[in-house]
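# Observations on chain architecture
Next come the chains, spelled out residue by residue.
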Amino acid sequence: MIIKTERKVTIFTGNQAIAEAMRQINPDVAAVYPITPQTDIAERLSAFVADGLLNVVYVPVESEHSAMSACVGAAAAGARAVTATSSQGLVYMQEVLYIASGLRLPIVMANVNRALSAPINIHCDHSDSMGARDSGWIQLYSENAQEAYDNVLQAVRIAEHEDVRLPVMVNMDGFIVSHGSEVVELLDDKYVTEFVGEYQPAFSLLDVEHTVTIGPFDGLHGHFFEHKKAQIEAMDRARGVILDVGKEFASLTGRSYGLFEEYRLADAEVAVVVLNSAAGTCKIVVDELREQGLPVGLLKLRVFRPFPSAEMADALRNLKAIGVLDRSVSPGLGGPVFAELRSALFDVGARPKVVSFIYGLGGREFRPEHAREAFSSLLDINKTGLVNNLVSYLGIRRRQP
Amino acid sequence: MKLKDFPRKYWETLPRHIEPFTPGHRLCAGCGASIVVRQVLLGTDKPVVVCCPTGCLQVSSTLYPFTSWNVPYIHSGFVNAASTISGVEAAYRALSAKGKVNREIKFVVFAGDGGTYDIGFQALSGALERGHDIVYVCYDNQAYMNTGIQRSSATPVGAWTTTTAIGTQSSGKREYEKDICLCVAAHRIPYVAQASPSHPKDLITKAQKAFRTKGPAYLNILSPCPPGWRYDDASQGIKLAQLAVETGYWPLYEVERGIWRLTYKPDKKRPVTDWLKPQGRFSHLFREGNQSMLLEFQQEVDRRWEELLARCGTASAS
């Protein structure tokens, strides 16, 4: 593969990587409300503006609801609009998430994953973004700072693509990645400018010669259903666009991105499916177990919306047992990725056994021994063909007798 | 002064543009909102972008696939007209600075009292504090009329609404209405005014000032509502708005860079019952045994009037 750009390697936190990517894509408007652990991004954008490194109108809104609302207004006025949030902030703006996607506005948002109250907790889990899974946003997940950086750059292209025109949320684990320093390879500004291009809005409120009514009332005999169908089709088309953009990005950087990453999966008999930073921990355990000759592998989901059902079913169809690791839970149902993946495998001929592992809620540490525990029960299922526990909780403290 | 008495010269000074808000909308006959919109938009000859929160005006003027707006328009949600227009105005600044937009454009919100006094209050406060160059107009019909006449914090004390029901244990709304202009003026924005469509010259002049203002401007405009205020003859709305002004219930004033000024002073303040009586929502106040409520209503009107005069440095005369 020929990589067009020279390498520029640095040490960045996840938040720093996202802020840098947001600077480089040269947005017109950034409307941000600070919240732990995203705050750092809001601060860095403000510092870029103060230092003349970023020519953006920075709107220091009074809430996340207003952050997303201002992004809606800005995007409808033909501007490239970005924001970032976490946790309660994402929930607070949830109403407007649906408006942004329903109005087909290509807003790019970073969400630094954090648990939801109560009890109040500032650490990582995925309850925030999973709660927004039906909001019509494309959702990308990032294992580390590098992926968060790369995902933000690609998010602009995906969101603004004429076949898509949907908002994109880039997720990254709070504190674990947002505040951890690691090696990140950056693109030079000029390559980013070239890669993301200029935003060409379909309509703009500022085009006063061509007036447009945005957000009309779809009355009793309206076209709501057809609008939603069009939105669903755009989401379906996003799959191809995400792959195309990923390929183009690979030719620029050497780092390739698809809908998910397969790790030692081809000849595996059991595997875990996982999002974000826990994938790194699991990969280490996969390597370790492989050295012992055990047939284990991993699938790291990058694109949660649109959910790559068919593609994942294809990649996982020959396995015997799959454990889905969810860092969030829908009480009364279980892990959301588990439920969706199990459904995706329904039409596979000899269905693998699929079990659920809930881990890391409220930032509970996820350690290699937890991954080993998951693989151990999957290997048992593979040997015996029996599922004893459909749902297990990794790393939870036992109740005192 | 009646409309027909205005000198022809005055009307000639008003901008002649394509009517920005056109007939065919589904607002009720006699609705104040459309009159407010048309009078306010006479205040500028610049292109405008309009934003409405959810409400009567929004649902009635943009029934997909139709629109009454000849100007760019956006509706986003109920809570967030002020923050949505903040984003539009921010985009305007950004794209103007980058040379992608090359003309002067004005940004205006038309929101009801629900979207202003209540659910949209935080977004409004934020937008005012941030100093966006916008005109925020509240067409105040004093309740959630769009959902069928539920109380808001703009509903007058004693008024019947569907959530301040009249019964053996209740005589309508217990609480006095929020003084929104005082709240807005406390943000120290450059221009705040209260107006009424019964006094169009006063209203349009205030709109002109609001559009000329650099930074946020706020207009609080009374908007008669035939079904909500419960008056039989829909053509009487403007008359009612006039009575609200003449009784001192709805004084006309402005706050320009912190200076309060009464823009109209009735020769003699009429009793507030003149305004209350024709409205069905207050009919229970006129029943036997409720005289004390009328008295209290009058006392509150007088108290607020005197306070306003003091703020405006005007001597009390009537």
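About the cut-offs
- Residues numbered from 1 in each chain as written.
- Chains lettered and ligands numbered in written order.
- Predicted model: local features only at pLDDT ≥ 70, side-chain atom pairs only at ≥ 80, totals over all residues.
- Helix = DSSP H or I, 4+ residues; strand = E, 2+ residues; numbered from the N terminus.
- Buried ≥ 20, exposed ≤ 12 C-beta atoms within 10 Å, placed from the backbone.
- Contact = placed C-beta atoms within 7 Å.
- Nonpolar A, V, L, I, M, F, W, Y, C, P; charged D, E, K, R; others polar.
- Pairing = 2+ DSSP bridges.
- Right-handed = clockwise from strand over helix to strand, strands pointing away.
- Core = buried A, V, L, I, M, F, W, Y, C linked by C-beta atoms within 7 Å.
- pLDDT = per-residue confidence, 0-100.

Let us now look at the overall build of chain B. Broken down by element type, chain B carries twelve helices and ten strands. The C-alpha extent of chain B, read off along each of the three principal axes, is 70 × 45 × 40 Å. Out of the 318 residues in chain B, the part that is buried amounts to 52%. Long-range contacts, defined here as pairs at least 24 residues apart, represent 69% of the contacts in chain B between residues at least 6 apart.

Contact with chain B, which involves 38 residues of that partner, is made by 40 residues of chain A. Of all the secondary structure elements, the ones that give two or more residues to the side of chain B that touches chain A are helix H3 (56–61), strand S2 (73–75), helix H4 (81–97) and helix H6 (121–130) of chain B. Here the side of chain B that touches chain A gets twelve residues from one element, more than from any other, and that element is H4(B). Taken together, the residues of the side of chain B that touches chain A break down into 21 nonpolar, 15 polar and two charged.

Here the focus is the pairing of strand S12 (residues 296–301) of chain A. Residue and element names in this part refer to chain A. Burial runs high along S12: six of the six residues are buried. The alternating pattern of S12 places Val-296, Leu-298 and Lys-300 and Gly-297, Leu-299 and Leu-301 on opposite faces, both of which are buried. Sheet topology places strand S10 (residues 260–263) next to S12; four bridges connect them, and they run antiparallel. Residue pairing in the sheet places Phe-260 in a bridge with Leu-301 of S12. When strand S11 (residues 270–274) meets S12, the two strands line up parallel, connected through five bridges. Pairing of Val-274 across the sheet is with Lys-300, part of S12. The parallel pair S11 and S12 is bridged by helix H10 (residues 278–291), and the resulting crossover is right-handed.

This paragraph deals with the nonpolar core. One recurring pattern in soluble globular proteins is that nonpolar side chains are buried together. In this structure, A:Ile18, A:Val29, A:Ala74, B:Val88 and B:Val137 are the most contacted members of the largest nonpolar core, which totals 229 residues. Setting aside anything within four residues of it in sequence, one finds B:Val137 in contact with B:Val36, B:Val40, B:Val108, B:Val109, B:Phe110, B:Leu219 and B:Ile221.

Now for the confidence of the model for chain B. The pLDDT averaged across chain B works out to 94; a share of 94% of its residues lies at or above 70. Across the interfaces of the predicted complex, the ipTM metric reaches 0.96, alongside a pTM of 0.96.

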